[in-house]
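Architecture at a glance
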Amino acid sequence: MGGLSMDQAFVQAPEHRSKAALAEAAGIPVIDISPLADGDEASVEALAAEVGKASREWGFFVVVRHGVPDDTMARALEAQRAFFAMTPEQKAAVRRDEAAPLGYYESEHTKNVRDWKEVFDLIPREPPPPAAVADGELVFQNKWPQDLPGFREALEEYAKAMEQLALNLMELIARSLGLRPDRLKGFFKDDQTTFIRLNHYPPCPSPDLALGVGRHKDAGALTVLYQDDVGGLDVRRRSDGEWVRVRPVPDSFIINVGDIIQVWSNDSGAMIEPLEELVSDENPPRYEAYNWGEFFSTRKNSNFKKLAVENVQIAHFRKDLKSIA
């Protein structure tokens, strides 16, 4: 991976290292979401209930018959393989930095420990170039490799398909919360922070010490993850707190319900806060409102270096309702 060598920065604390033998997760919901395209209202409501149950009980689920064309997936996967097979110098030409956080990167940190991976980030909706950039302002402009024909086109096609899939899932989640179907879609207009990430986890010389990506919760609304047949995705089971491995399901996506959904739903914008329809005197807000732009920037900056404290989490905004009462 570009001359990367194992050192102390990659070493996980003993309690967070991968176990030699890990049980395969059983019972993870696998949901066929094709009824959403058929348009039958009763079927869609039943599907929304299934998604809601999986979100509450697991926090994630697997979707099949999702409507993403096979050719779109195949072109994106081939583009990904071709990019990470490039020379370190070619990848470095589109390397990201703290001011411009899109492109290639091989030195990301999770929970203040360096990950054994390399990534490429892009956004599906690129804003016009800014006329001027203030100190500390992030510039979101995609960086495309110049000597990889078809790469940009394949990923732009894939990004559009992922955006549509995510919006479909947001409709189902809104329905499951008793909200109107388009209630959550309005938060995802042109000025948003949706991004696409390509991940590559090369062979590691010390897999007993390092992880491809450390334990974490996703800060956004939804994560749509394609898992190839290599596997290796571990999740923490809510019932007993044990880490279990997710078996790859062909032609599927793993959907992780992120922190923003948790806050919006009140545990059932610029400012993220529980939705007014889901709070009442009997069910008061469980979270303080927080500024998503500041939260997002802080989380992005923590990817570049080890910090003296834990990076910001939504748990930091959770109210102590007992003390308030």
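Provided above is the structure to which this section pertains.
Computed from a predicted model, the values in this text were never measured in an experiment.

Reading the values: the criteria
- Residues numbered from 1 in each chain as written.
- Predicted model: local features only at pLDDT ≥ 70, side-chain atom pairs only at ≥ 80, totals over all residues.
- Heavy atoms only, no water.
- Helix = DSSP H or I, 4+ residues; strand = E, 2+ residues; numbered from the N terminus.
- Expected span 1.5 Å × (residues − 1).
- Buried < 20%, exposed > 50% of the residue type's maximum accessible area, 1.4 Å probe, protein only.
- Pairing = 2+ DSSP bridges.
- Salt bridge = Lys/Arg side-chain N within 4 Å of Asp/Glu carboxyl O.
- Axes fitted to C-alpha atoms, helices over the stretch in contact; angles between N-to-C directions.
- Contact = heavy atoms within 4.5 Å.
- Core = buried A, V, L, I, M, F, W, Y, C linked by side-chain atoms within 4.5 Å.

**Looking at helix α5 (residues 151-176)**
- Here α5 spans 37 Å end to end across 26 residues, near enough to the 38 Å set by a 1.5 Å rise per residue.
- Positive backbone phi, approximately 80°, marks glycine 178, located one or two places after α5.

**Some points on the pairing of strand β2 (residues 60-64)**
- β2 sits mainly inside the fold: 5 of its 5 residues count as buried.
- In β2, alternate side chains face the same way, and those of Phe60, Val62 and Val64 on one face and Phe61 and Val63 on the other are all buried.
- In this structure, strand β1 (residues 30-32) lies alongside β2, joined through 3 bridges in parallel fashion. Across the sheet, residue isoleucine 31 finds its bridge partner in β2, namely valine 63.
- Across 4 bridges, β2 lies against strand β11 (residues 253-257) in antiparallel orientation.

**Let's talk about the pattern of salt bridges**
- Counted by the stated rule, this structure contains 19 salt bridges.
- Here arginine 65 ties to aspartate 32 by a salt bridge, and the two come within 3.2 Å at their closest N and O atoms. One end of the pair, arginine 65, is in the loop between β2 and α3 (70-84); the other, aspartate 32, is in strand β1, and 33 residues separate them in sequence.
- Judged by its relative accessible area of 58%, arginine 65 is exposed.
- Taking the shortest distance from any N to any O, the salt bridge between arginine 96 and glutamate 108 comes out at 2.6 Å. With arginine 96 in the loop between α4 (88-92) and β3 (103-105) and glutamate 108 in the loop between β3 and β4 (109-110), this residue pair connects regions lying 12 residues apart in the sequence.
- For arginine 96, a relative accessible area of 1% corresponds to the buried category.
- Judged by relative accessible area, which is 4%, glutamate 108 ranks as buried.
- Linked through salt bridges whose partners overlap, the residues forming this network are Arg96, Glu108, Asp115, Lys117, Asp121 and Arg197.

**Some words on the pairing of strand β6 (residues 118-122)**
- With 5 of its 5 residues buried, β6 lies for the most part within the structure.
- Where burial is concerned, the two faces of β6 agree: the one with Glu118, Phe120 and Leu122 and the one with Val119 and Asp121 are both buried.
- As judged from the 3 bridges shared by β3 and β6, these two strands associate in the antiparallel manner. If you follow glycine 103 over to β6, its bridge partner there is aspartate 121.
- Examined bridge by bridge, β6 and strand β7 (residues 196-200) share 5 bridges and lie antiparallel to one another. Within the sheet, the bridge partner assigned to leucine 122 lies in β7 and is isoleucine 196.

**Details of the sheet that holds β3**
- Pairing is antiparallel across the open sheet formed by 3 strands, whose spatial order is β3-β6-β7. Single-partner strands in this sheet number two, and they are β3 and β7. Pairs of neighbouring strands in the sheet enclose a mean axial angle of 20°, with direction left out of account.
- In this fold α3 packs onto β3, β6 and β7, with an angle of close to 55° to the strand it touches most, β7.
- Packed onto the sheet, α5 meets β6 and β7 and runs at close to 115° relative to β7.

**Observations concerning the nonpolar core**
- In this structure, Phe61, Phe83, Phe120, Phe151, Leu169, Leu172 and Phe253 are the most contacted members of the largest nonpolar core, which totals 47 residues.
- Of all the secondary-structure elements, those providing two or more residues to this core are α2 (41-57), β2, α3, β6, α5, β7 and β11.
- Ranked by residue count, the leading element in this core is α5, at 13 residues.
- Counting 9 residues, the second largest nonpolar core, distinct from the first, contains Ile28, Trp58, Phe60 and Val235.

**Describing the sheet that holds β2**
- As summarised here, the arrangement of the 4 strands in space is β1-β2-β11-β8, forming an open sheet in which the pairing is mixed. Each having just a single partner strand, β1 and β8 (222-225) make up the two edges of the open sheet. This sheet shows a mean twist of 30° between the axes of neighbouring strands, independent of strand direction.
- Those strands touched by α5 are β2, β8 and β11, and its axis lies near 130° from that of β8.

Read these as layout, nothing more, since geometry by itself doesn't imply function.
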